Structure formats: C-alpha cells, structure tokens
Amino acid sequence: MEGGDFNAREWPFFWITQTAGQYVRKVEPALRDIGLDIPRWRVLMCVVPGQAIGVTEIAELAIAKLPTMLKIIQRMEADGLVACAPRASDGRVTDVSLTERGLEARTRAWTVAKAIYERAFEEVSGSEEARLNKLLERIYSSLRS
C-alpha cells in the first residue's frame, strides 16, 4: 500500500483506536455517575483484590507515564481507595493494594464497565472473542520486540 492509496478504514490500528476510544466515551460518563474517572478506573482494574502491584507495573498496564501514575495513585491514596507501602523484597518499589473502600469502588466500576462490554460483544461469539484476544496479543508482542 502506497501512502497515496492509504485508506484509514482499511488499517487495523484505525479500528483498534476507534474501538478503544468509543469504549472510553461510553464508560466515562457511567463512571462519573458513580464518582470515578478513567484514570482511577484503570488503576482499580489493574490491582487484583488481595494482592499488591508495583506502581511501575500499574503504569505499564494502564498505558500511562510513571510520573502521571504516581500522581493518580497519590490522589487515590488520599481518597482512601488504595494503600501504598514499600515492597518488602525491594524497598525502592512502591506496592499498591486496594483498601476496603477501593474494593467497593472496583466492584461498582466493574459493574458499569461490564454492562458496556457485554453490549459491545453481544453479537460476538466466545470463540471470536478468544481469537480476537489471541490475535491482538500476538500483534502486541510483535510490537514489543
């Protein structure tokens, strides 16, 4: 495909970004209704209940710059949604875990996000969804190497 022949709608990354953007546009107002925003939602979804995860790991999963993620987590700690502590095995790493309030917020956020997810995938079979995930994972891995 030459640059002059380029058609965005025939480019997979167009559809990936459009789809992700549309999902966020649907989720954002629903989260706002329950007192959350997209950055807090991303953190809540990255932290597994009962486990701790490093700030750097959260930033990578949430596709955010580390300084930005640090600010988000500091705000969430002030709001009582997460607790931060140095990692026992490496004090240079700050581990983040959900508080009881954070777990409740995560549950509310998942309920909202899941409803939109189900609407998005209502005409997609389980096997199609699995194939899509595998294909996107393969493409992601290719871009990382």
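Anyway, here's the lowdown on the structure attached to this text.

Analysis parameters
- Residues numbered from 1 in each chain as written.
- Predicted model: local features only at pLDDT ≥ 70, side-chain atom pairs only at ≥ 80, totals over all residues.
- Heavy atoms only, no water.
- Helix = DSSP H or I, 4+ residues; strand = E, 2+ residues; numbered from the N terminus.
- Buried < 20%, exposed > 50% of the residue type's maximum accessible area, 1.4 Å probe, protein only.
- Contact = heavy atoms within 4.5 Å.
- Pairing = 2+ DSSP bridges.
- Salt bridge = Lys/Arg side-chain N within 4 Å of Asp/Glu carboxyl O.
- Phe/Tyr/Trp six-rings, centres within 6.5 Å; stacked < 30°, edge-to-face > 60°.

1. Focus: the overall build of the protein chain
Tallying secondary structure elements over the protein chain gives six helices and three strands in all. With the C-alpha coordinates of the protein chain rotated into their principal frame, the extents come out at 55 × 35 × 30 Å. Across the 145 residues in the protein chain, those meeting the buried criterion constitute 23%. Taking contacts inside the protein chain between residues at least 6 apart in sequence as the whole, the part at least 24 apart equals 48%.

2. Regarding the pairing of strand S3 (residues 90-98)
As paired strands, strand S1 (residues 53-54) and S3 are joined by two bridges and run antiparallel to one another. Bridging from a neighbouring strand, Ile53 pairs with Val96 of S3. Sheet topology places strand S2 (residues 82-87) next to S3; six bridges connect them, and they run antiparallel. Paired with Pro86 across the bridge in S3 is Thr94. Hairpin connection, S2 to S3: the antiparallel pair is bridged by two residues.

3. Structural notes on the pattern of salt bridges
Scanning the model with the defined rule gives six salt bridges in all. With a closest N to O distance of 3.1 Å, Asp79 and Arg40 form a salt bridge. Of this pair, Asp79 sits in the loop between helix H4 (66-78) and S2 while Arg40 is found in helix H2 (residues 38-46), placing the two residues 39 residues apart along the sequence. Arg40 sits in the buried class, given a relative accessible area of 14%. Where salt bridges share partners, they join Asp37, Arg40 and Asp79 into one cluster.

4. Topic: the packing of aromatic side chains
Each aromatic ring pair is specified by the distance between its two centres and by the angle formed by the two planes. Enumeration over the complete set of coordinates arrives at five aromatic pairs. Centroid distance Tyr117 to Phe121: 5.0 Å. Interplanar angle 35°. Geometry classified as tilted. A relative accessible area of 27% places Phe121 in the partly exposed class. Following the ring pairs from residue to residue traces out a cluster consisting of Phe6, Trp11 and Phe13.

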